[in-house]
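These are the residues of each chain, in order.
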Amino acid sequence: MEFLVALAYGFVATLKDVLPIAIVIFGFQLLVIRKSIPHLKKVLFGFLYVLIGLVLFLQGLEQALFPLGKLMAAQLTDPAFIYKGLAAIPDVIRWQDYMWVYIFAAAIGFSTTIAEPSLYAVAIKAEEVSGGAISVWGLRIAVAIGVAIGISLGTFRIITGTPLHYYIMAGYVVVIIQTFYAPKLIIALAYDSGGVTTSTVTVPLVAALGLGLASTIPGRSPLLDGFGLIAFASLFPIISVMAYAQLSEWREKGQKQKVTKEHD
Amino acid sequence: MRAQFSIFLGYFLNSARDLASIIAVITFFQLIVLQQPIPNAGEILGGVLLVMLGLTFFIRGLEMGLFPIGETMAYAFARKGSVFWLLLFAFCLGFGTTVAEPALIAVAQEAASVAAVGGVIAQTDAAMNSYANGLRYTVAISVGFAILVGVLRILKGWPIHYLIVSGYIAVVLMTTIAPEEIIGIAYDSGGVTTSTITVPLVTALGVGLASSIKGRNPMVDGFGLIAFASLTPMIFVMAYGMTF
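This one's a predicted model, so the numbers in the text were calculated from it and none came from an experiment.

Asker: Which parts of the structure should I look at to understand helix H2 (residues 41–80) of chain B?
Answerer: Count 3.6 residues to each turn of an α-helix, and residues three or four apart come out pointing the same way. Residues and elements named next belong to chain B. If you check H2, its first and last C-alpha atoms are 56 Å apart, about what 40 residues at 1.5 Å a residue would give, namely 58 Å. Largest kink in H2: about 50°, centred on Leu-62. Two residues or fewer after H2 comes Gly-81, characterised by a positive phi angle close to 75°.

Written out as C-alpha cells, the structure is:
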C-alpha cells in the first residue's frame, strides 16, 4: 500500500514535469503547424511509456540506490573511517588520507553515467547520425571516463579547499585548445555531452558525496564548498569525448600509414 | 504482440547490463572497503528491478514518441519556412522544460539559503522565496534564450566553437567580478537544467532541423543545443547574483 502511494505520488510529480513540454509541443502542433501528427497513437503511447518508465526508474532509485549511496558517502567521508589506523585524528588534513574517497568518487561517477538515460538517448542519435562511426558504447564510455575523472578531482578540491574557479578555468583552456585540433565532426557532440551527464542518477549521489565531505572536513562549509562537483562532472566529459575522437583519428592515420608503407 | 514482447525483453537485458556496474561498485565498497553488511537487501533488489523496468519503458518510449515528434516538428517548421514561429517554439521549449524542473527548484532554494547566510538578502522566508523564484525564472529564461540561439545557429550555419568559446570567456570574466558565494551555484546550475525528457527532445529537434535544411550536416550542425542550454545559465545566474 505504502509502495502504491509512493508510486502514485511519483506519477503526479513526473506528470507535472512532462506537462509543460506536452503543452508547448501540442500547442504549437495544433495552432501553428496545423497538421495532424503522423502515427499519433504510437506517439502518445511513446509519451505514456516515457512517463511510466521515469516513474518506475525514480521510484527504484529512491528505494534502492539513493539511500545506500548516500549512506556510503557518509561512511566513507567519516573521520572515524579515514583515520581508522590512527590513535587520534590529526589536526592537519592530509589529502593523501582520502584515497578511498577518490576511488569511490571515480567508480560511482563512471557507473552512474553508464546508466544515465539522457546520455543513452544522445548516444543513440549520435550512432544513427554518424552512420555507426560513433558507437553508443564508445560515446558512453568516453563520457563516463570524463565524469569519473571530474568527480574524483572535484572531491580532491573540496578536501584541499582550493578555489573552484581555478580548476574550471584551466578546464576551459584545455577545451578551447582541443577544439582547434579535434575532428570537426565531434565538436558539437562533445560540447553536448557535458550537459547530458548530470541528470537523474548522477546528481543526487554526487551531491550527497560533496555535502558529506564538506560537512566532515574542518574549515569547509557545506553551503559554500558542497557545490561544484556537478560543474566538474559537466566539464570533463567534453575533454574526454574530444580526446576519444582525437585518439581514434590518430589510430586510423597510423594504420593508413602502415598500410601504405607495406605497399611500397 | 510477440514481436513487441521480444523488443521489450531486449531492452530489459540491456538495462540490466547498464546497471550491473553500479551494483558492482556499491557491493565492493560496502562489503570490502567499509566492511558493512548491505541493509534491506530484499528492498534494494526490488528497487533495482524497478530501475531496470523503468529504463526499459523509457528507452522504448523515446523511440516511439519523443524522437519522432521532435523530428516531425523540425521538418514541419523547416517546410513552413517561418523563422519567427520556429524561434518562438525554441524559446518556449527551453523555458517550459526548465521552469518546472525539480532539480532547478532544489538548487534555487539552496542558493537562497546561501545568500541569506551570506547576508545578501534578509533571513526571512519571504525574502528567500522571492530570491529563489527570481533565480528560477532567470535560469528558465536563459535556457529558452539558449535554445533560441542554438536553433538560429543551425539555420545560419554558424560554427559552434566561436559561440561556445565566447560564452566561456564571458563566464571567466564574470567569475572575477561576481560575488564569491554565487559562483559554485552558478557553475552547478549549468548541469541541472537539462532534464531526462528535454535532452532527447531537443536533440531530435536539432538533428531534424539540420537534416532538413540544405547545406547543413546533422553531425556538425545538429548537435550543440544542449551545450548552449548548459552554458547560458552560468552567465545569467552570475548576473543575477551581481544585481543584489
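Continuing now.
Asker: Quick question: what am I supposed to make of the packing of helix H4 (residues 102–117) of chain B against helix H7 (residues 180–192) of chain B here?
Answerer: In helix packing, the relevant descriptors are the interaxial angle and the interaxial distance, both defined with respect to the helix axes. All names here are of chain B. At a minimum axis distance of 10 Å, the contact between H4 and H7 shows a crossing angle of 180°. The angle between the axes of H4 and H7 places the two elements in the roughly antiparallel class. Facing H4, whose interface residues are Ala-103, Leu-104, Val-107, Ala-111 and Val-114, H7 presents Glu-181, Ile-185 and Val-192. Residues of the contact of H4 with H7, tallied by class, amount to 7 nonpolar, no polar and 1 charged.

Asker: Can you walk me through the confidence of the model for chain A in this structure?
Answerer: Note: predicted coordinates in regions of low pLDDT should not be interpreted at a detailed level. Looking at chain A, the pLDDT average stands at 84 and 92% of residues meet or exceed 70. Summarising per-element confidence for chain A, the mean pLDDT is lowest in helix H10 (residues 222–225) of chain A (68) and highest in helix H6 (residues 136–160) of chain A (92).

Asker: Where do I start with the interface of chain B and chain A in this structure?
Answerer: A common measure of how large an interface is: the accessible area buried when the components associate. Between chain B and chain A, the residue contacts involve 95 residues of the former and 93 residues of the latter. Carbon and sulfur atoms make up 80% of the surface buried where chain B meets chain A, a total of about 8300 Å² over both sides. The interface formed by chain B and chain A holds 2 salt bridges in total. Ionic pairing is found between Asp18(B) and Arg140(A), a salt bridge with its closest N-O pair at 3.0 Å.

Asker: Would you mind going over the pattern of salt bridges with me for this structure?
Answerer: Across all of its chains, the model carries 4 salt bridges over all chains by this definition. Between Lys125(A) and Glu128(A) there is a salt bridge whose closest N-O contact spans 3.3 Å. Of this pair, Lys125(A) and Glu128(A) both sit in helix H5 (residues 117–129), 3 residues apart, roughly one helical turn. Close ionic contact of Asp221(B) with Arg153(B) constitutes a salt bridge, the shortest N to O distance being 4.0 Å. Note that Asp221(B) is positioned in helix H9 (residues 218–222) and Arg153(B) in helix H5 (residues 125–156), a separation of 68 residues in sequence. Arg153(B) matches Asp221(B) in its accessibility class, with the two residues each being buried.

Asker: Quick question: what am I supposed to make of the nonpolar core here?
Answerer: What tends to happen in soluble globular proteins is that the nonpolar side chains get buried as a cluster. Core analysis: the largest hydrophobic core is formed by 166 residues, its most contacted members being Tyr98(A), Ile186(A), Leu189(A), Tyr191(A), Val151(B) and Tyr187(B). In contact with Tyr98(A), other than residues within four places in its own chain, are Ile82(A), Tyr83(A), Ile93(A), Ile159(A), Leu213(A) and Ile217(A). The next biggest cluster of nonpolar side chains, apart from the first, holds 8 residues, and it includes Tyr49(A), Leu56(A), Phe57(B) and Met64(B).

Cut-offs applied
Residues numbered from 1 in each chain as written. Chains lettered and ligands numbered in written order. Predicted model: local features only at pLDDT ≥ 70, side-chain atom pairs only at ≥ 80, totals over all residues. Heavy atoms only, no water. Helix = DSSP H or I, 4+ residues; strand = E, 2+ residues; numbered from the N terminus. Expected span 1.5 Å × (residues − 1). Bend = angle between axes of the 7 residues up to and from the residue. Axes fitted to C-alpha atoms, helices over the stretch in contact; angles between N-to-C directions. Parallel < 35°, antiparallel > 145°, perpendicular 65-115°, else oblique. Contact = heavy atoms within 4.5 Å. Nonpolar A, V, L, I, M, F, W, Y, C, P; charged D, E, K, R; others polar. pLDDT = per-residue confidence, 0-100. Buried area = accessible area lost by both parts, 1.4 Å probe. Salt bridge = Lys/Arg side-chain N within 4 Å of Asp/Glu carboxyl O. Buried < 20%, exposed > 50% of the residue type's maximum accessible area, 1.4 Å probe, protein only. Core = buried A, V, L, I, M, F, W, Y, C linked by side-chain atoms within 4.5 Å.

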